[in-house]
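Here is how the chains run, residue by residue.
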Amino acid sequence: MSGAAAPTPAFTVLIPARLASTRLPDKPLADIGGLPMVVRVARQAARSGAARVVVAADHPRILEACAAHGVEAVATRSDHPSGSDRLAEACAQLGLAGDDIVVNVQGDEPLIDPALIDAVAALLPARPEAAMGTAAHAIHTLADYANPNVVKVVLDARGLAHYFSRAPIPHARDHAGAAWWGPGHAGVPAGHAPLRHIGIYSYRAAFLQAFPALSPAPTEAVEALEQLRALWHGHRIAVHVADAAPGPGVDTPEDLARVRALLG
């Protein structure tokens, strides 16, 4: 008889928040149902099993918005080149121990599923060979498979990432796109549809703090995908395959209108 599922280990959610945005000015402060977006994200994250949820902000206005709504936040430098750099600084400020699990929840995901956060947090304690964890879900349309803005990931037999790409991978040489969505899914093993990467990550705090010092990978520069740096340097990334796509994120005014409508 199988026992109860192991509880999710203690972890901290860090939410990077940068005020400047080319496509949506002041994005973290965008109003969604009377709350700034970054506060919405933090409240969703707090519904997970996280022991602590902290916003890593680059501007006093974000800190003020968080304080007004009871959300913990720390000030980070405004010149960080990426969210992971910002979170590395936050880790140091918070004094997290090297083995502590950190989950990076993007500040523009107000519909993030708390269960997804828990699943990604649980990857690293179960997979000691992995330095990072992330998530993916099956792609069901040819349009998404071909879209370079939809990042794909291919896994090995252990559920570790082989590669991430904006290209349509794996490539069905003999059937092109029809292999995945044509009659009978010709040539595709059951349960092996291509996977769309979901932009949520877990790390051990020590690795997160060391990550910015790793030299950028050539593949990272070509694909504009920061997670390829970890693979380039020989680190493994465990992947949780979710049953469904997450709710839409917010990158543009159109995205914001869509999320506002969904939340009433």
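A brief look at the structure comes next.

Cut-offs and rules
Residues numbered from 1 in each chain as written. Predicted model: local features only at pLDDT ≥ 70, side-chain atom pairs only at ≥ 80, totals over all residues. Heavy atoms only, no water. Helix = DSSP H or I, 4+ residues; strand = E, 2+ residues; numbered from the N terminus. Buried < 20%, exposed > 50% of the residue type's maximum accessible area, 1.4 Å probe, protein only. Core = buried A, V, L, I, M, F, W, Y, C linked by side-chain atoms within 4.5 Å. Contact = heavy atoms within 4.5 Å. Pairing = 2+ DSSP bridges. Right-handed = clockwise from strand over helix to strand, strands pointing away. Salt bridge = Lys/Arg side-chain N within 4 Å of Asp/Glu carboxyl O. Phe/Tyr/Trp six-rings, centres within 6.5 Å; stacked < 30°, edge-to-face > 60°.

### Here's the deal with unusual backbone geometry
One can expect most non-glycine residues to show negative phi and most peptide bonds to be in trans.
Part 1 of the argument: In the segment running from I169 into P170, the intervening peptide bond is cis, with an omega of -5°.
Part 2 of the argument: When you line up the elements, P170 lands in the loop between β9 (161–165) and α6 (178–181).
Part 3 of the argument: You will see that D26, though not glycine, has its phi angle at about 55°, which is positive.
Part 4 of the argument: On the secondary structure map, D26 appears in the loop between β1 (11–17) and β2 (31–32).
Part 5 of the argument: Of the residues examined, D26 reaches a relative accessible area of 30% and is grouped as partly exposed.

### What to know about the nonpolar core
Part 1 of the argument: Counting residues in each nonpolar core, the largest one holds 44 residues, and the members touching the most others are V13, I15, V55, I62, V105, I117 and I200.
Part 2 of the argument: Discounting residues that sit within four places of it in the chain, V105 has contacts with V13, L14, I15, P16, V41, I112, I117 and I200.
Part 3 of the argument: Formed by 30 residues, the second largest nonpolar core is a distinct cluster that contains M132, L195, L228 and A230.

### Brief notes about the pairing of strand β5 (residues 72–75)
Part 1 of the argument: In this structure, strand β4 (residues 52–57) lies alongside β5, joined through 4 bridges in parallel fashion. Within the sheet, the bridge partner assigned to A57 lies in β5 and is A75.
Part 2 of the argument: For the crossover from β4 across helix α2 (residues 60–68) to β5, the handedness is right-handed.

### Regarding the environment of A88
Part 1 of the argument: Along the chain, the position of A88 falls in helix α3 (residues 83–94).
Part 2 of the argument: Residue class for A88 comes out buried when judged on its relative accessible area of 10%.
Part 3 of the argument: Considering only alpha carbons, one finds A88 and T76, 12 residues apart in sequence, at a separation of 9.7 Å.

### Some words on the pattern of salt bridges
Part 1 of the argument: Enumeration over the complete set of coordinates arrives at 11 salt bridges.
Part 2 of the argument: Between R52 and E72 there is a salt bridge, with its nearest N and O atoms 2.6 Å apart. A residue pair is termed long-range when its members are at least 10 positions apart, and R52 in strand β4 and E72 in strand β5 qualify at 20 residues.
Part 3 of the argument: Given the relative accessible area of 31%, R52 is considered partly exposed.
Part 4 of the argument: Exposure remark for E72: the relative accessible area of 32% places this residue in the partly exposed category.
Part 5 of the argument: Residues D79 and R77 are paired through a salt bridge, measuring 2.8 Å at the closest nitrogen-oxygen approach.
Part 6 of the argument: Residue class for D79 comes out exposed when judged on its relative accessible area of 52%.

### A word on the packing of aromatic side chains
Part 1 of the argument: One pass over the structure, following the stated rule, counts 2 aromatic pairs.
Part 2 of the argument: On the numbers, 6.2 Å between centres and 35° between planes, the contact of Y201 with Y203 is tilted.
Part 3 of the argument: Relative to F211, the ring of F207 has its centre 5.9 Å away and its plane inclined at 55°; by these criteria the two rings are tilted. By the burial criterion, F207 is buried, and F211 matches it.

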